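If you want the building blocks of each chain, they are given just below.
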Amino acid sequence: MQVNSRSLLNGHYLTTKKIIHCLTRCRQGLIRWYLMRRTEKIPVTPLFCWDIYSEQIKSMCAGYNIPVGGFQQQSLIDYPGNIASVIFTKGCNLRCRYCHNVELVYPELVEKSANIDTISILNWIGKNNKLLDAIVVTGGEPTLHSSLPDFLYKIKTSGLKIKLDTNGTNPDMLQRLFNAKLVNYVAMDIKAPLTLYK
C-alpha cells in the first residue's frame with residue numbers, strides 16, 4: 001500500500017504504523033488547539049465540528065450504502081498514473097474556509113443536495129471496470145461513515161485499485177481499512193490553525 005502525505009514529509013512515504021501515529025497526534029493537536037481557543041473566549045469560526053451528521057445521513061449508512069453527493073465517471077488526474085472514477089461522499093467534520101466542496105460539508109446544504117444511489121454507482125463500475133484502473137473515494141470526509149469498509153470491499157471485488165482522500169482525523173477507521181487491505185493509496189491533507197498559514 002502506498003501512502004501519500006506530501007504536506008507532512010515533503011513527499012516521503014510513510015509506513016502504515018507511522019501514518020497512524022501521525023494521524024493520531026494530528027487529531028490530538030487539533031482538539032487541544034480548539035479547546036485553547038474556547039478557553040481564551042476568542043471568537044473564531046470552528047475549524048472542525050464532530051456533530052456533522054443529520055439523522056438522515058446516519059440512516060443512509062446501512063450495509064454498504066454510503067451517502068454520495070457526486071460521481072465523476074472518469075478522471076485522469078485524481079489518482080496519479082491511473083484512469084479513475086471519483087466518488088464524493090457527503091459530510092465532513094472540518095470547516096475549512098477554503099473548501100471547494102461546501103455542498104458536501106455544511107449540513108443545511110448536504111440535506112438539500114441530491115442523493116446518488118450507491119447501487120447505481122456499483123453497477124456502473126461493474127459494467128465499465130475494463131475502462132478503469134482505479135476508484136477514488138473523496139468527500140467530504142469518507143472515513144466518518146461506518147459503512148465505508150463494506151462499500152470499499154464491494155469496489156475491491158471489481159478488481160480495481162482504491163485511492164482514499166482523507167483529512168486524517170479518523171485514524172481508527174484508517175487502521176481498519178489498512179488491516180483489511182481495502183486501500184492501495186492514501187492522500188492526506190494536514191490542517192493547521194489559520195494563523196500558521198502564510
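Scope of this entry: the structure provided in the associated data block. All values reported here derive from a predicted model rather than from experimental measurement.

1. Side note on the packing of aromatic side chains
Summed over the entire model, instances satisfying the criterion amount to 2 aromatic pairs. Seen from their ring centres, phenylalanine 71 and tryptophan 124 are 5.6 Å apart, and the 80 degrees between their planes marks the pair as edge-to-face. Of this pair, phenylalanine 71 sits in strand β2 (residues 68–75) while tryptophan 124 sits in helix α5 (residues 118–128), placing them 53 residues apart in sequence. For the ring pair tyrosine 79 and tyrosine 185, a centre distance of 5.2 Å and an interplane angle of 50 degrees mean the geometry is tilted. In this pair, tyrosine 79 sits in the loop between β2 and β3 (84–89) while tyrosine 185 sits in strand β6 (residues 185–188), placing the two residues 106 residues apart along the sequence. Each member of the pair, tyrosine 79 as well as tyrosine 185, is classed as buried. Just above the ring of tyrosine 106 sits the side chain of arginine 95; from NZ or CZ to the centre is 5.4 Å. Seen from the ring of tyrosine 79, lysine 161 lies directly overhead, with NZ or CZ sitting 5.6 Å from the centre.

2. A short note on unusual backbone geometry
For the bond running from glycine 139 to glycine 140, omega is 10 degrees, close enough to zero to count as cis. Note that glycine 140 resides in the loop between β4 (134–138) and α6 (148–156). Notably, lysine 181 is not glycine yet its phi reads approximately 55 degrees, a positive angle. By the element assignment, lysine 181 lies in the loop between α7 (171–179) and β6. On the accessibility criterion, lysine 181 (67% relative accessible area) is exposed.

Here is what the cut-offs are and how they apply
Residues numbered from 1 in each chain as written. Predicted model: local features only at pLDDT ≥ 70, side-chain atom pairs only at ≥ 80, totals over all residues. Heavy atoms only, no water. Phe/Tyr/Trp six-rings, centres within 6.5 Å; stacked < 30°, edge-to-face > 60°. Helix = DSSP H or I, 4+ residues; strand = E, 2+ residues; numbered from the N terminus. Buried < 20%, exposed > 50% of the residue type's maximum accessible area, 1.4 Å probe, protein only. Lys NZ or Arg CZ within 6 Å of the ring centre and 35° of its normal.

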